Every structure is written in C-alpha cells, then in structure tokens.
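Listed here are the chains, written in short residue letters.
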Amino acid sequence: MTGVLIVMLVVALLLGGSAVLAVVLMARRGQFDDLETPAIRAVFDDDD
Amino acid sequence: MSSAPTNASGLAAAATTFAAEPAEKTACAHCALPVPTSLSDSGQPEQFCCSGCKSVYHLIRSSGLDRYYELREQLDDRSESARTTAERYDEMNDAEYHALFVKPAAGGGVETELILEGVHCPACVWLVERLGRVVDGVSECRLNLRLGVATVTWDPAASNLSDIARGLDGPSYPPHPPRGEARREAMRAEGRAALVNLGVAGFLAGNIMLISMALYGGMFGSMADEHRTMFRWVSAGLGVLSLAWPGRTFFRGAWAAIRTRSSHLDVPIAVALALGGFWGLINTVRGTGEIYFDSLSMLVFLLLVGRTIQRYQQRKASSAVDLICSMTPTRARRIDTDNAGAETTLSVSTSSLHAADLVEVRAGEIIPADGVVERGESTVDASLLTGEPLPVEVRTGDTLAAGTVNGPGMLRLRVSEVGDNSRIGRLMQQVAGASAERSAWVQLADRVAGVFVVVVLVAAAITTWAWWPAGADVAIEHATALLIVSCPCALGLATPLVMSVACGRLARRGVLIKGGDVLERLAKPGVLFTDKTGTLTEGSLRVLDRISHGVSDDRIWSLAAAAEAKSNHAVARTLIDHLAAAGIDAPCEPTELHEVFGKGVDATFAGGERVLVGSRTWMLEQGAAVPAKLDDRADDAGARGQSTVWVAVDGAVAGLAGLGDAVRTDAKPQLDALRDRGWEIRVLTGDRRDAAEAIAAELGIEASDVEAELSPEDKLERVRTMATSTDRTVVMLGDGVNDAAAMAAVDVGIAVRGGAEASLEAADVYLQAPGVSPLGTLMRATRSVRRRLVLCLGVSISYNALAGAAAIAGLVGPLTAAVIMPMSSLSVLTIASLGAWKALK
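An account of the overall build of chain A is needed here, citing residue identities and associated values.
Scanning chain A from terminus to terminus reveals 2 helices and 0 strands. Buried positions account for 25% of the 48 residues belonging to chain A. Total accessible area on chain A is roughly 3300 Å²; 72% of this is exposed by carbon and sulfur atoms.

So this is what it looks like as structure tokens:
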C-alpha cells in the first residue's frame, strides 16, 4: 500500500513537473512574450 | 498632425462672406475622421480628410490589401489620420546600420526589428504583416502590437532595407531603428522570469492542495500514521520550495520596504509566509500539529497572479539617450576643407560630429547638432523646443538647436554642441531625471497595508498571550492560523484587478494609461497646468480672418494667390491652401516675381498690375498706402494673437488676412467641467503673452493664471515649484517635447494626440482620441475606479477581519483557512470585473 502511494506520488509529481518544465522552456524561448498580437492574428482566418 | 476641419468661431468673426461648414460631415475613406468642406469632392465616391489619407488609401487599394478596411469596420477600431514622411531611409542600407541592427535569420535570409509609429489596432497588425505583398523578398513580418515592434525577415538579394522601410512608411507606419534594444531585452527577461515563477507557484500550489485533500480526508476517516507522516513531509517539501523559489519575491519586497521604512503590502505577506512556513516545518518534524503549506503556497500563487496582471498594464519609460536619438538624424553632411581650400561633403554618422565641425543641412532636413549658421537663410520649424507652429526665420549668425527642422533653404552650420550637451540632449536628461526623482505614490492598498500589518501582528501577540494557559503549542497554533487567514491575499489582488479592468476599458475609449496609480492620483482635484499651442488649440496655422478694402474680394485674393503660388514660406503656404479651399484660384502666373526673405513678394502681372504680399513693413518700404481701417483691423487681430499678411495692388493696400491657431472646439466645455469639479487651471506657454491671453480669455481663464514666453526649462521649474508647495495633485497637459520635462516632473503628465514621441514617453496618460475630450472620460473614470477600489478593499478586509476573529477564538483549522482564502479572492475578482462601472460602460 505504502509502496503504491509512493510510486503514485512520484509519478504525479514527475508528470506535473514535466509540464512545468515545458512552461519554463517555452517562457524562456519567448513563446509568451507577446500575449496580445497572436490573439488578434487568429481572427484573420483568411487568404494566404 | 491631422488636418481637422477649420474652426468655425474664428471664421464667424471675418468680415467676408464665407461658406458655413455643413452640419453633417462626410467621413474620410481612410481614417473616418470628418472631411473638411474645402476638401470634399462631390465627383468622387471616396472622400479624404487630407492628402496623406488619400495616398495611403490608394496605395492600400492598389496593393490588393482592401481587406484592411473591412477588418477595421468589423473590429470597430479607432483610426488615426495618415502620417507618412516620404523619407528615403537610405541610411538603413549602410553597412554600419546593418552591423548594429541586422542579424542572419534562422531559416535563411536576414532579419531586423523596426519600431513602427502609428500601429494601434488589430487591422494594423493585419496590414503590417502583409508587407510581403508590397515588398519583394520579404518572407515574414511579425508585429508585436504592444511594443509597436515589427520583426522583418527578408532576402537581402531581393530588396534593400530602405525598400522595406518605405513599404512600411507608405501605409503610414513610419519605421525607426530598433534603439533601446537593451531595455526591451531587460523587460522581456523580467517578464519571462515572472512567468516562470507563476508557473512553478501554480504547479506547487496545485500539488500541495491535492496532498492536503488526502490529509483532510484522513481527518474524518482512518489513515495510517505512516501515510499521514509521508504526506505531511511531501507537502512540507513542496511548500518550502514554493516559499523559497516563487515566494522569494515577497521576502525581497518586504526587505526593501523595511530598509526604506515604507509601508508595502509585501511586509504582512512576508511575515505570514515566514511564520507559517517556520511553524509548519516544526510541526512536520514533531509529527503533530497543523501544517499550513497548502494555504501558503496558494497564497504565493494568487499573489503572483495579481503581480502578473499588474505587470501587463504597465509600460516602461525610455532612457534619455533613446529619446535624443529618436529626435536627431542618424547621418549628417560634414564639410571638410583641405589645405588647398577645396571642400568635400561627406556623409557621416551624427555621433561622430564634434564641436567646430561644419555641416550642411538641406531643405527639409533635421538639424543634427546645435550650432551657428555660417551661410544661408531659411525658416526653421523649432516647434520641438517652443511648441509654436510658426517657423522662425534664420540668417547667418543665428543659433540653431539640434532636432529642429530646416525649411526651404540650404544652411551651413558651425557645430557648437553635440549629443548630450546639445539643448535637446540636456532637455531629455531633465525628462529622464524628473521621471526618476518623482515622488513615489503610496497606493491606497499600501496605505491600508501599513495599518494592516500592525493590527495583525498585535492581534497575533494577543492570541498567543490569551491561549498561553492552554499550552504553548496551542497558543502558537492559533496565532499562526490567524496570520495565515488574515494574509492580505484579496487585498493584493484587488488593486491590480480593478486598475487593469479600468485601464482596459479606458483604452477602448482612446485613453492609454501607463500605470494604475495614475487613476488614484487623479481622483482628487488639484492643479492642472496646460500647454496652449497644440493642446488647447489645433496647433497649426490657419487663416482665421480675411478682409478686402477698395477692390473686390475675389480679385484681390486671386492676385495674392497667384503672387504667392511659388513661395515656400509657411505663411504663404497657409494662405494659398486657405484660398484654394475657399474656391479662389490663381488666374495666371506673374510675369515678374521676386521674393525678399523675411519680408514678402513683389509680383507683376501681364495685365500690368503690381501686387505686393507680405508684412506691413514690406508695404511701407515699397511705398504702398495703408488705409486706417485696415490698420485698426490689424491691431485687433494682433491683440487676438494673430499674425497678419497684407496685400497691396498698384500701390494701395487692399487686403488683410489674420493667421492664427484656432482653439479646439472641445477645450472650453472640458475645462469648464474640470473647474466645476474643483480643479485649478493654469496655462504655461512658450507663445507671446498677448496671443496666450487672447486664447485664455476665449476659454474663460484669468490672465493672472497665464504664464507666457516660457522655455521648456521654465515650464519644468514652474511645475516643480507648484509640486513642492502644494499637497494637491499636480497635472501637466501638453503635446510637445517642450512640455516633456514638465510632464515627467508632475504627479500625472497627460499627452494629447499628435504630440511628439518624447512627450508620449514622459507622460503617464496618452489621449489617443483627438482633442481634449478624452480628458473628461478619464476624470469621470477616476471617481468610478476609486469607488470600486474602496469596495474591493472593504470586502477583502471584512473577510480578513472575520477570519481573523475566528482564528483568535481558536475556530480556524487548516481546512477552514484553505476554504476562506480562495473565497475571498474570488469575490474580489468578481467585484472588480463585473457590475456597473458607470463612467466606463
């Protein structure tokens, strides 16, 4: 029982941690530098 | 500057018959501003407010980018009048420029950043990002609307950077070199670090909350002690991580506040985090008692959410150096003389100029450095420093300042001061200095926090003392619970939320605000200093009054139009534009014409008429008789601050025009409304006293409240004196560089539309919609914001007080604390964003 709990805890933290890592990496690469323009760009569903 | 319709009150005073402006106005096909009657052309399907808009409209249509207008309509955007510069941007092709700003792009080609003027709406994003359709070889153009920075990737073999710059200048987004890169980079790094903190805080808070759920569940059922201990240790581990990593922001802030002995919300937060964390750790080690890591990490997360919101509504001011660079040209023409006396003209970078260098300034160019005119005569637009639209005449021996714009003549200038030492350089240092020195505004939330921290700490001490008989650990337990539940979480969220909602709503109404504290500063009436030219007035010269005497109106003015047709003088251009708009055309060209600089023109026509146009002195010098009636009128016009143009035909003066700057139609009602609200209004202007007083009288301002003939430095000194002698809020309303230092020094600097870049940087508020009307919206909003803020703070304090009382009574456990906190934050969030914002609907 304890073993299962420990494994689950570690797995949960690793899963969450990898998501955090992704956020950190994306933030450092500048993915979230501009939060305004991409939202606008999505409106122009047009042409090219 | 937009060419807005002519002011009607000035015209009504004119003796001549003049077509009244029609009640309804057609909208410009490009910018949707009203089209002046004089420019409306009933034969055309599209009407334009100015030639700039017209050429931009045709350019956009011919490039197949019509969808821009469609989008703008759909998105209901505010628009601005076209402003193209017709510059060639050749300096952008220099190797020097490329070495500084152009980098190889990841996917081939090269890329650079350009700072664009005039990008303000989603439709602008669309248009700018379609650059590739207009300029060959451009593979990508991405715009950051917030910063106004476009990143362009292109093939250098297909196009020069100057082609790209002209491609952006064409649709009225004049590009500038990406100066201030270091500052933007620092801002970016700061923003990224804040996001990383937020992400980590959110992850830790979420996981600790999940673990706590298990622990809370275990409280009601059975839970093996070993599991309980394990969960408590994991929770403590993650909790300490949360306090030490994202939470360090608050410890740092609190430490800074303690060192400077100021009250800041970070202080009670840090106290709660430190004591809660410390006691939680002790209890984890002891294996008994409450641990509060779920509440603490949630606190860190929610507070960081508040900080992030705050970050997004704030913009940073430029450094002085960036400002000087933005106003002086990058290149100058230096004239070198060798030993033999032969002259060579060399294009050099402005930064390499030294005192005593000789430079050449061609027509229309910006003066690169302070200096003395050695040769040539011209008119110079010094509005940058004086704020006055009328160009001044310069001759050999006159002193010129960097940043002013040369008119029609070519000038040779002996450089006296460059860069930081030039007049504009010193002025911009004052702007930067004044912004840095400005007294920090203690926000309402921080003032509340000051009282708050004392109350909470005293309450915690009392709790410990009152529970001491029940055992030391029980006492500390309850005191810790008190500290945590009364942590000002909602308080920390309330201000940024209310301000960010208000800033967002104001932005939609054309009022851009740099920081939320501005709204708090403006809530109580104070002293409003205002510039005159360009702020209360239209800021451009126009004919306000035109009369004829002895000769028919049509005849005398059509002759004047013909005589002035070739002149480049600003007064002549204004007169010709006005006559053309009134339907008076030049019938023929003069057979003989000569223009005397600074005086006027002398033209002879095929029919034998000799026509003089110019100053009164010019008339007298040429022996033309000046009728007394016209002299009276001229005195009248002079008293109203107008300058006069005289026209004589065949030796007798027969026409007189008064030129001036018309008062904005919305100025008087706005100022009246402010006065009713208790504001004291004073005018600071660089213009002549009589002109300033005439305008002030029209606006109901006492002559004693008008200070005229002020230099930018004088304006700064006047507002500083006022700011130090009064507790009231001091506001400066202005438009030009000459107001920038004063704007930076006061509590709130407000820049009107059409102002110079430096004044926008120095100002806290930018009125994006034309005129001073947005001022009314802003002032109404401040009161509404104040009420909303007090409500939010009240609600969050009530929560804290109730929860605190329960904690003192020993009724609060970790579960209650974990429920109360998000509840209070949620209710504050709801109040801040929903409901009736009367003034900002």
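Lay out the overall build of chain B in plain terms, naming residues and giving numbers.
When its secondary structure is counted, chain B shows 29 helices and 27 strands. Counting over 841 residues, chain B shows a buried share of 51%. Partitioning the contacts of chain B with sequence separation of at least 6, the portion at a separation of at least 24 is 70%. Accessible surface for chain B amounts to roughly 35000 Å². Of this, 56% is attributable to carbon and sulfur atoms.

Break down the interface of chain B and chain A for me, citing the residues and quoting the values.
Taken residue by residue, the interface counts 30 residues in chain B and 28 residues in chain A. Between chain B and chain A we count 2 salt bridges in total. Ionic pairing is found between Arg41(A) and Glu129(B), a salt bridge with its closest N-O pair at 2.5 Å. Summed over the shared surface of chain B and chain A, the number is 6 residue pairs in polar contact (both at pLDDT 80 or more). Of all the secondary structure elements, the ones that give two or more residues to the side of chain B that touches chain A are helix H3 (67-75), helix H5 (122-129), strand S3 (138-144), helix H7 (181-220) and helix H8 (225-244) of chain B. Per element, the largest residue contribution to the side of chain B that touches chain A is 9 residues, and it comes from H7(B). For the side of chain B that touches chain A, the class distribution of residues is 17 nonpolar, 4 polar and 9 charged.

Give a description of the sheet that holds strand S13 (residues 405-406) of chain B that names residues and reports values.
Residue and element names in this part refer to chain B. Strand order in the open sheet made by the 3 strands is S11-S10-S13, with antiparallel pairing throughout. Strand pairing shows two members of the sheet lacking a second neighbour, strand S11 (392-394) and S13, which therefore form its edges. With 3 bridges connecting them, strand S10 (residues 378-381) and S11 associate as antiparallel partners. Looking across to S11, one finds that Val380 is bridged to Val392.

Help me get a handle on the nonpolar core, residues and values and all.
All names here are of chain B. In terms of nonpolar packing, the biggest core is built from 103 residues, with Ile513, Ile750, Val765 and Leu778 touching the most fellow members. With 12 residues, the single largest contributor to this core is H7. When residues no more than four places from it in sequence are discounted, the contact partners of Ile750 are Val731, Met732, Leu733, Gly734, Met743, Ala763, Val765, Leu767, Leu775 and Leu778.

Can you explain the pairing of strand S26 (residues 748-751) of chain B? Please cite residues and give values.
Residue and element names in this part refer to chain B. Alternating residues of S26 divide into Val748 and Ile750 and Gly749 and Ala751, and every residue in both groups is buried. In this sheet, S26 lies alongside strand S25 (residues 730-734) in parallel orientation, the contact comprising 4 bridges. For Gly734, the partnering residue across the bridge sits in S26 and is Ala751. The handedness of the S25 to S26 crossover, carried by helix H26 (residues 737-745), is right-handed. Alignment of S26 against strand S27 (residues 765-767), held across 2 bridges, turns out to be parallel. Residue pairing in the sheet places Ile750 in a bridge with Val765 of S27.

Tell me what's going on with the environment of Tyr57(B), and back it up with residues and numbers.
Residues and elements named next belong to chain B. One can find Tyr57 in helix H2 (residues 51-62). Owing to a relative accessible area of 6%, Tyr57 belongs among the buried residues under this scheme. For the pair Tyr57 and Gly409, spaced 352 residues apart in sequence, the C-alpha separation works out to 32 Å. Once residues lying within four places of it in the same chain are set aside, the contact partners of Tyr57 are Ala29, His30, Glu46, Phe48 and Tyr69.

Which residues make up the environment of Lys715(B), and what values go with them?
Residue and element names in this part refer to chain B. In this fold, Lys715 is placed in helix H25 (residues 712-725). By relative accessible area, Lys715 is classed as buried at 0%. If we ignore the near neighbours within four places in the chain, the residues touching Lys715 are Asp531, Leu684, Thr685, Gly686, Leu710, Asn738, Asp739 and Ala742.

Any details on empty space enclosed by the protein? Residues and values, ideally.
Residue and element names in this part refer to chain B. Under the counting rule described, the total for this entry stands at 5 cavities of 30 Å³ or more. What lines the largest cavity is a set of 13 residues, among which Leu65, Leu127, Val134, Gly167 and Pro171 lie closest to the centre. Secondary-structure elements contributing two or more residues to the lining of the largest cavity are H2, H5 and helix H6 (161-169). In the lining of the largest cavity, the residues fall into 10 nonpolar, 2 polar and 1 charged.

Kindly report on the sheet that holds strand S14 (residues 411-417) of chain B, identifying the contributing residues and their values.
With antiparallel pairing, the 6 strands of this open sheet are ordered in space as S7-S6-S8-S14-S9-S12 (chain B). Taken across any chain shown, the strands that pair with only one partner, and hence form the sheet edges, are strand S7 (343-349) and strand S12 (399-400) of chain B.

Summarise a nonpolar patch on the surface; cite the residues concerned and give the values.
All names here are of chain B. Taken together, the side chains of Met219, Phe220, Leu815, Val819 and Met823 make up a nonpolar region of the molecular surface, amounting to roughly 520 Å² of accessible area. Elements with a minimum of two residues in the nonpolar patch: H7 and helix H29 (814-833). Looking at the nonpolar patch element by element, the count peaks at 3 residues for H29. Mapped onto the elements of the fold, Met219 is located in helix H7.

Explain the side chain of His578(B) to me, using residue names and the numbers behind them.
Residues and elements named next belong to chain B. Structurally, His578 is set in helix H20 (residues 570-581). By relative accessible area, which is 12% here, His578 ends up buried. Here Arg546 takes part through its side chain, which lies 3.0 Å from a polar atom of the side chain of His578.

Account for the packing of aromatic side chains, with residues named and values stated.
All names here are of chain B. Scanning the entire structure with this criterion turns up 3 aromatic pairs over all chains. A centroid spacing of 5.1 Å and a plane angle of 50° characterise the contact between Tyr57 and Tyr69, whose relative ring orientation is tilted. Here Tyr57 is found in helix H2, whereas its partner Tyr69 is found in helix H3, with 12 residues between them in sequence. Take Tyr57 and Tyr69: they sit in the same class, and that class is buried. Pairing Tyr97 with Phe101 gives two aromatic rings, centres 4.9 Å apart and planes at 65°, and the pair type is edge-to-face. Remark: Phe101 and Tyr97 occur in helix H4 (residues 95-101); sequence separation between them is 4 residues, near one turn of the helix. For Tyr97, a relative accessible area of 7% gives the class buried.

Any chance you could break down the pattern of salt bridges for me, citing the residues and the numbers?
Residues and elements named next belong to chain B. Inspection of the entire model under this criterion finds 34 salt bridges over all chains. Two residues, Lys532 and Asp687, come together in a salt bridge whose shortest N-O distance is 2.9 Å. Taken together, the residues span a long stretch of sequence, with Lys532 in the loop between strand S16 (527-530) and strand S17 (542-548) and Asp687 in the loop between strand S23 (680-684) and helix H24 (689-698) at a distance of 155 residues. Both residues of the pair, Lys532 and Asp687, belong to the buried class. One salt bridge in this structure joins Arg633 and Asp545, with 3.3 Å as the shortest N-O distance. Note that Arg633 is positioned in helix H22 (residues 628-639) and Asp545 in strand S17, a separation of 88 residues in sequence. A relative accessible area of 22% means that Arg633 is categorised as partly exposed. Linked by salt bridges that have partners in common, Glu680, Arg682, Asp705 and Arg728 make up one network.

How would you explain the environment of Arg675(B) if you had to name every residue and give the values?
Residues and elements named next belong to chain B. Examined against the element boundaries, Arg675 turns out to sit in helix H23 (residues 667-676). Residue classification places Arg675 among the partly exposed positions, given a relative accessible area of 30%. A C-alpha to C-alpha distance of 43 Å links Arg675 and His549, two positions 126 residues apart in sequence. Dropping the residues within four chain positions of it, Arg675 is found in contact with Ile681, Leu699, Gly700 and Ile701. Engagement of the side chain of Arg675 in a polar contact is seen with the side chain of Asp672, the distance being 3.0 Å.

How would you explain the state of the cysteines if you had to name every residue and give the values?
One pass over the structure, following the stated rule, counts 0 disulfides over all chains. For the unlinked cysteine Cys503(B), the closest cysteine sulfur is that of Cys792(B), found at 14 Å.

Before we move on, could you go through the confidence of the model for chain B and cite the residues and values that matter?
Residue and element names in this part refer to chain B. Of the residues in chain B, 89% reach a pLDDT of 70 or more, and the chain-wide mean stands at 81. Note that residues 1-24 has pLDDT below 50 and, in this model, 47 contacts with residues that lie over four places away or in other chains. With a pTM of 0.71, the predicted complex shows an ipTM of 0.90.

Parameters and conventions
Residues numbered from 1 in each chain as written. Chains lettered and ligands numbered in written order. Predicted model: local features only at pLDDT ≥ 70, side-chain atom pairs only at ≥ 80, totals over all residues. Heavy atoms only, no water. Helix = DSSP H or I, 4+ residues; strand = E, 2+ residues; numbered from the N terminus. Buried < 20%, exposed > 50% of the residue type's maximum accessible area, 1.4 Å probe, protein only. Areas by Shrake-Rupley, 256 points an atom, 1.4 Å probe, with all protein chains shown as cover. Contact = heavy atoms within 4.5 Å. Salt bridge = Lys/Arg side-chain N within 4 Å of Asp/Glu carboxyl O. Polar contact = N/O pair within 3.5 Å; in protein donor to acceptor, adjacent residues only side chain to side chain. Nonpolar A, V, L, I, M, F, W, Y, C, P; charged D, E, K, R; others polar. Pairing = 2+ DSSP bridges. Core = buried A, V, L, I, M, F, W, Y, C linked by side-chain atoms within 4.5 Å. Right-handed = clockwise from strand over helix to strand, strands pointing away. 1 Å grid on protein atoms, 1.4 Å probe; cavity = no way out; pocket = protein on both sides within 12 Å on 5 of 7 lines; lining within 4 Å. Points joined across faces, edges and corners; volume = space filled by probe spheres on them. Patch = residues over 30% accessible without salt bridge, like charges linked within 9 Å, V, L, I, M, F, W, Y side chains within 5 Å. Phe/Tyr/Trp six-rings, centres within 6.5 Å; stacked < 30°, edge-to-face > 60°. Disulfide = S-S within 2.5 Å. pLDDT = per-residue confidence, 0-100.

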